Amino acid sequence: MKREAPPQTLASKDLYLSAYLKAKNHPLHNATLDEKGRTLFHFTETASLSSALKDYYTGTALVSPLAYIEAFKALRSLAYSMSDKNMNGGMNYGKSARL
């Protein structure tokens with residue numbers, strides 16, 4: 001029986017790029033932390049993803065502002081929650097620092 005290879009993914013630590021890809025309906029495959037505790041957003045590589053990256057880096061990308069803001073907020077929240085859970089064994093998760 002032949003096993004399918006896992007999908008190739010693009011990993012990005014760029015929150016703005018990741019929000020753009022999410023707003024363009026590229027599903028987030030996974031999110032992980034790198035060795036420095038930064039969030040990496042993983043997207044499945046497709047032809048349309050390559051085209052979206054080209055548009056982003058050439059400055060010709062178009063996306064709904066509301067979709068972009070929604071995607072940005074969702075990914076930022078995910079990144080913060082992952083880093084909070086990672087710090088001090090999760091003891092700071094959900095707590096805010098007050099001076």
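The preceding data block contains the structure.
The following refers to the structure shown.

Cut-off values and rules
- Residues numbered from 1 in each chain as written.
- Predicted model: local features only at pLDDT ≥ 70, side-chain atom pairs only at ≥ 80, totals over all residues.
- Heavy atoms only, no water.
- Phe/Tyr/Trp six-rings, centres within 6.5 Å; stacked < 30°, edge-to-face > 60°.
- Salt bridge = Lys/Arg side-chain N within 4 Å of Asp/Glu carboxyl O.
- Pairing = 2+ DSSP bridges.
- Helix = DSSP H or I, 4+ residues; strand = E, 2+ residues; numbered from the N terminus.
- Axes fitted to C-alpha atoms, helices over the stretch in contact; angles between N-to-C directions.
- Contact = heavy atoms within 4.5 Å.
- Parallel < 35°, antiparallel > 145°, perpendicular 65-115°, else oblique.
- Left-handed = near helix turned anticlockwise from the far one by under 90°.

### Some words on the packing of aromatic side chains
Tallied over the entire structure, the rule returns 4 aromatic pairs. Their ring planes at 90° and their centres at 5.1 Å tell us that Tyr56 and Tyr57 sit as a pair that is edge-to-face. By the ring-pair criterion, three or more aromatic residues cluster together here, those being Tyr16, Tyr68 and Phe72.

### Points about the pattern of salt bridges
Under the defined criterion, the tally for this structure stands at 1 salt bridge. Where Arg38 meets Asp34, a salt bridge forms, and the shortest distance between an N and an O atom there is 2.9 Å.

### Describing the sheet that holds strand β2 (residues 28-33)
Spatially, the 3 strands line up as an open sheet ordered β1-β3-β2, and their pairing is antiparallel. The open sheet has two free edges, formed respectively by β1 (9-12) and β2, since each of these has just one partner strand. Ignoring strand direction, the axes of neighbouring strands in this sheet form an average angle of 25°. With 4 bridges joining them, β1 and strand β3 (residues 39-44) adopt antiparallel strand pairing. Its bridge partner lying in β3, Ala11 is registered against His42. Packing of helix α1 (residues 15-23) onto the sheet brings it into contact with β1 and β3, and relative to β3 it is tilted by some 30°.

### Some points on the pairing of β3
Sheet topology note: the β2/β3 ladder contains 5 bridges and is antiparallel. Note on β3: the bridge partner recorded for Asn30 is His42. In this antiparallel pair of consecutive strands, β2 and β3, the connection spans 5 residues, and Gly37 shows a positive phi of 85°.

### What about the packing of α1 against helix α2 (residues 47-58)?
Relative orientation of the contacting elements α1 and α2 amounts to 130°, with a least axis distance of 11 Å. When the axis of α1 is compared with that of α2, the two are oblique. Along this stretch, α1 crosses α2, giving a crossing that reads as right-handed. Where α1 approaches α2, its residues Tyr16, Leu17, Tyr20 and Leu21 are matched on the opposing element by Leu49, Ala52, Leu53, Asp55, Tyr56 and Tyr57.

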